[in-house]
Amino acid sequence: MMEMSSDEIASLQPPQCKIHSEPLEYYCKDCEHTICSSCRPSILGHRNCAGKQKPITISEAFKSFQKLLAELEKDADTYTREIKNILKGVQEIDTELEKNKSNSLKDIEDNVQETIKTIKMNGEIMKKQAKTIFEKKKKEIDEQTKELRKPISDVNTKLCLLKEVLKDNEVSAMELSKMVVKELRDRINEVPKIKPIDDGQIHFHQIKQKFVELQKIATENVKNIEKEIKVTTADYLTLQAKKSVIENETIVVKVRKLHKCKVDATQLNATWTAQEVEEQIKFQEENGEYLFTGKCEIPGVCRLDVTVDGKHIINSPMKITVQKELINSIKLDFVGEDVLKYKDDCLLVSRWTNEILKYKPSGEHIGKITLPGGDTIVNRMFKMKNGDIAFSDVGKKCITICTMDGEVVKTFGKEVLSHPYGIHVDEESNVVYVAGINHTYIFNIDSGQVIHRWPQHNNAFLIDVTFTNQRQVLILDSINGLLLTDNDGKLIKVLVEASYNDVVGKLKRSRAVVVDKDDNIIISTDYNVQLFDKDGKFIKVIGETKLALGLSIISHQPRTIAVMNQHGNPDPTLKIFNY
């Protein structure tokens, strides 16, 4: 129903009697209806009310109504106060409940830590006992070893003596040998009847009795707690899934075990609700987890319910927001080259002139930055921490740093650069990386001097450069693909290969590259915009684009990107996608 303004209400004419088309001047108390003067004598239309109560004027009825209203307001006020008092009590209980929850969780954690401490302490006691047993047994074995080595030494001594005797003349040898041989035979015949005093084993069952007792007590305590709080299988399962996805994005839902429990996939009752339509889904068991893979096709808020034996598992029900992929498509009256997020409410767009235009993400044009000099051509841009803008100038063939007012702070590279394209400012090292078709250049920001130059790789066409989150260098080569290098320009690997054909997962005529906070890599080409993981593995194509040039990450939660799209020239667009 459309609401009326106070002026419209004031301009309305008083309602009239539907039977006589006369003003309603009286009020019938029997049927609680307004009536006109013609209705009043005959009570026409109110025959069942005739003779019961005399109709009164509208003024009298209104006064009675005002009096009734005052009484109702008083009763309502009393009622409201009573409800508020009850509500206050409920809120106090709610506060106490929250407090008790925190205290309970703390008590549980304290008991867990105390149990761990006790177990560790008993473990140390058992280690000490094991060492004591070892030292006692070792001492006994050492003494027995010493005792057994003594006769061996005696035998060896007599053998040596006998050999020495044999070196004398024969007569002396025969006389002396008789005595030595007798002593040697006596020693040999006296083999000590000694057996090993130990089996060399430390019997752990002698030590672990206390530990077993602790385990038994702990197990009984857990069972008592489970019985008291009525723990079920659902309390040992948790639901995991992304809470925000893009339309048509494949979503993986997991159910994980937090504790050993007997459950199989058929016991999981799962319902997916989208646009008030419920759909039963089934999980597949894989490596101790339960998985469901599906697609969210309709933007909105979906609901996922997973229960076991009628009870919700942890994190169920879960709400999942399904967002539109294409948020906005801003029509431009010029061919744009690059886009850069300056603030949440401001995007900068270069258009191959000496102007940088300002737009809101909604598409509203809010101003421009004009650079001095008609030969300036703004190509690729980079926002610095102090708010200045560094850009490659293909007109003057240099790198320029300017303020948001268009004031030039400095320029450098005029004598070196012939085709400056993509740039990346590493303010931590105070340098600027420039992709210059045949080489990658590194300039010192303060001096403007070249401090390093990397040669091309295999007939390259270097068009953009950026950093990974680990500060490795990514160079976009339109001929060879996306190259991962170290900070000295040494090629580590080709992350994404180039192709002469339009093949998803490979690059044909690439244009720009950016890296998000999750280390995902986004690359624009003449044919599409593709998303890869940090290892160069293809994930998906982002939106519908063609002749895509500059890219800029707008937000990380949700993940949003702006794409300069020339498809449809002379009606190019700036497209904003969730990805």
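This is a predicted model, so every value here is computed, not measured.

### Considering the overall build of the chain
And step 1. If you tally the helices and strands in the chain, you get 5 helices and 37 strands.
And step 2. A buried classification covers 36% of the 579 residues belonging to the chain.
And step 3. Taking contacts inside the chain between residues at least 6 apart in sequence as the whole, the part at least 24 apart equals 45%.
And step 4. Summing over all exposed atoms, the chain offers an accessible surface of approximately 36700 Å²; the carbon and sulfur share of this is 52%.

### Focus on the state of the cysteines
Each disulfide is one covalent bond, formed between the sulfur atoms of two cysteines.
And step 1. Overall, the coordinates contain 0 disulfides when judged by the stated rule.
And step 2. Free cysteine: Cys302, not disulfide-bonded; nearest cysteine sulfur from Cys296 at 5.6 Å.

### Description of the sheet that holds strand β1 (residues 24–28)
And step 1. With antiparallel pairing, 3 strands are arranged side by side in an open sheet as β2-β1-β3. The open sheet terminates on both sides in strands that have one partner only, identified here as β2 (33–36) and β3 (56–57).

### Things to note about the sheet that holds strand β35 (residues 548–556)
And step 1. A sheet is described by the order of its strands in space; here 4 strands give the open sequence β14-β37-β36-β35, paired in antiparallel fashion. The two strands at the open ends of the sheet, each matched to only one other strand, are β14 (326–331) and β35. Strand-to-strand twist of the sheet, defined as the mean angle between neighbouring strand axes without regard to direction, takes the value 15 degrees.
And step 2. Pairing of β14 with strand β37 (residues 573–578) involves 5 bridges; the strand directions are antiparallel.

### Describing the packing of aromatic side chains
And step 1. Within the structure shown, the criterion is met by 7 aromatic pairs.
And step 2. Considering the side-chain rings of Phe412 and Phe443, the 5.5 Å spacing of their centres and the 45 degrees angle between planes classify their relative orientation as tilted. Placement of Phe412 in strand β22 (residues 408–412) and of Phe443 in strand β25 (residues 439–444) is noted, with a sequence separation of 31 residues between them. The two residues Phe412 and Phe443 agree in class, both being buried.
And step 3. The lysine or arginine in question, Arg351, covers the ring of Phe334, its NZ or CZ lying 5.2 Å from the ring centre.

### Things to note about the environment of Pro420
And step 1. Tracing the sequence through the fold places Pro420 in the loop between β22 and β23 (423–426).
And step 2. Sequence separation between Pro420 and Phe391 is 29 residues; the distance between their C-alpha atoms is 9.3 Å.

### Things to note about the pairing of strand β26 (residues 450–454)
And step 1. Bridge count for β25 against β26 is 4 bridges, and the pairing is antiparallel. Counted as the bridge partner of Tyr441 is Arg453 from β26.
And step 2. Connecting β25 to the next strand, β26, in antiparallel fashion are 5 residues, including Gly448 with a positive phi near 75 degrees.

### Re the confidence of the model for the chain
And step 1. On average, residues of the chain score 84 in pLDDT, and 86% of them are at 70 or above.
And step 2. In this model, residues 43–47 is a region of pLDDT below 50 whose contacts with residues beyond four sequence positions or in other chains number 8 contacts.

### Notes on the pattern of salt bridges
And step 1. For the structure shown, the criterion picks out 21 salt bridges.
And step 2. For the salt bridge of Lys138 with Asp142, the shortest nitrogen-to-oxygen distance reads 3.0 Å. Taken together, the residues Lys138 and Asp142, both in helix α3 (residues 58–165) and 4 residues apart, mark about one turn of the helix.
And step 3. On the basis of relative accessible area, Asp142 is assigned to the partly exposed category, the value being 38%.
And step 4. Across the pair Glu355 and Lys368 runs a salt bridge whose closest N-O atoms are separated by 2.9 Å. One end of the pair, Glu355, is in strand β17 (residues 355–359); the other, Lys368, is in strand β18 (residues 365–370), and 13 residues separate them in sequence.
And step 5. Classification of Lys368 by relative accessible area gives partly exposed; the value is 47%.
And step 6. Ionic contacts of the salt-bridge type, sharing partners, join the residues Lys254, Arg256 and Glu289 into one network.

### Description of the nonpolar core
And step 1. Ranked by internal contacts, the top residues of the largest apolar core, which has 28 residues, are Val255, Phe283 and Val306.
And step 2. Put simply, the parts of the chain that give this core at least two residues each are β4 (237–240), β6 (249–257), β7 (268–274), β10 (289–296), β11 (300–308) and β13 (318–323).
And step 3. By size, the runner-up hydrophobic cluster in this structure holds 15 residues, among which are Tyr421, Leu474, Val496 and Ile521.

### Digging into the side chain of Glu249
And step 1. Looking at where Glu249 falls in the secondary structure, it is placed in strand β6.
And step 2. We classify Glu249 as buried; its relative accessible area is 16%.
And step 3. Ignoring anything within four residues of it in the chain, the contact list for Glu249 reads Lys242, Gly294, Lys295 and Cys296.

### Focus on a nonpolar patch on the surface
And step 1. Where nonpolar side chains cluster on the molecular surface, the patch consists of Phe62, Phe65, Leu68, Leu69 and Leu72 and spans about 480 Å² of accessible area.
And step 2. Among the secondary structure elements, Leu68 is positioned in helix α3.

### So, unusual backbone geometry
And step 1. The peptide bond linking Ser316 to Pro317 adopts the cis configuration, its omega dihedral lying at 0 degrees.
And step 2. You can see Pro317 is positioned in the loop between β12 (311–312) and β13.
And step 3. Of the consecutive residues Gln557 and Pro558, the connecting peptide bond is found in the cis state with omega at 0 degrees.
And step 4. Within the secondary structure, Pro558 sits in the loop between β35 and β36 (559–565).
And step 5. Residue Ser21 is not a glycine yet carries a positive backbone phi of 55 degrees.
And step 6. Mapping Ser21 onto the fold places it in the loop between α1 (6–11) and β1.
And step 7. The backbone of Glu276 shows a phi angle near 65 degrees, a positive value even though the residue is not glycine.
And step 8. Along the polypeptide, Glu276 turns up in the loop between β7 and β8 (277–281).
And step 9. Classification of Glu276 by relative accessible area gives exposed; the value is 80%.

What counts as what
Residues numbered from 1 in each chain as written. Predicted model: local features only at pLDDT ≥ 70, side-chain atom pairs only at ≥ 80, totals over all residues. Heavy atoms only, no water. Helix = DSSP H or I, 4+ residues; strand = E, 2+ residues; numbered from the N terminus. Buried < 20%, exposed > 50% of the residue type's maximum accessible area, 1.4 Å probe, protein only. Contact = heavy atoms within 4.5 Å. Areas by Shrake-Rupley, 256 points an atom, 1.4 Å probe, with all protein chains shown as cover. Disulfide = S-S within 2.5 Å. Pairing = 2+ DSSP bridges. Axes fitted to C-alpha atoms, helices over the stretch in contact; angles between N-to-C directions. Phe/Tyr/Trp six-rings, centres within 6.5 Å; stacked < 30°, edge-to-face > 60°. Lys NZ or Arg CZ within 6 Å of the ring centre and 35° of its normal. pLDDT = per-residue confidence, 0-100. Salt bridge = Lys/Arg side-chain N within 4 Å of Asp/Glu carboxyl O. Core = buried A, V, L, I, M, F, W, Y, C linked by side-chain atoms within 4.5 Å. Patch = residues over 30% accessible without salt bridge, like charges linked within 9 Å, V, L, I, M, F, W, Y side chains within 5 Å.

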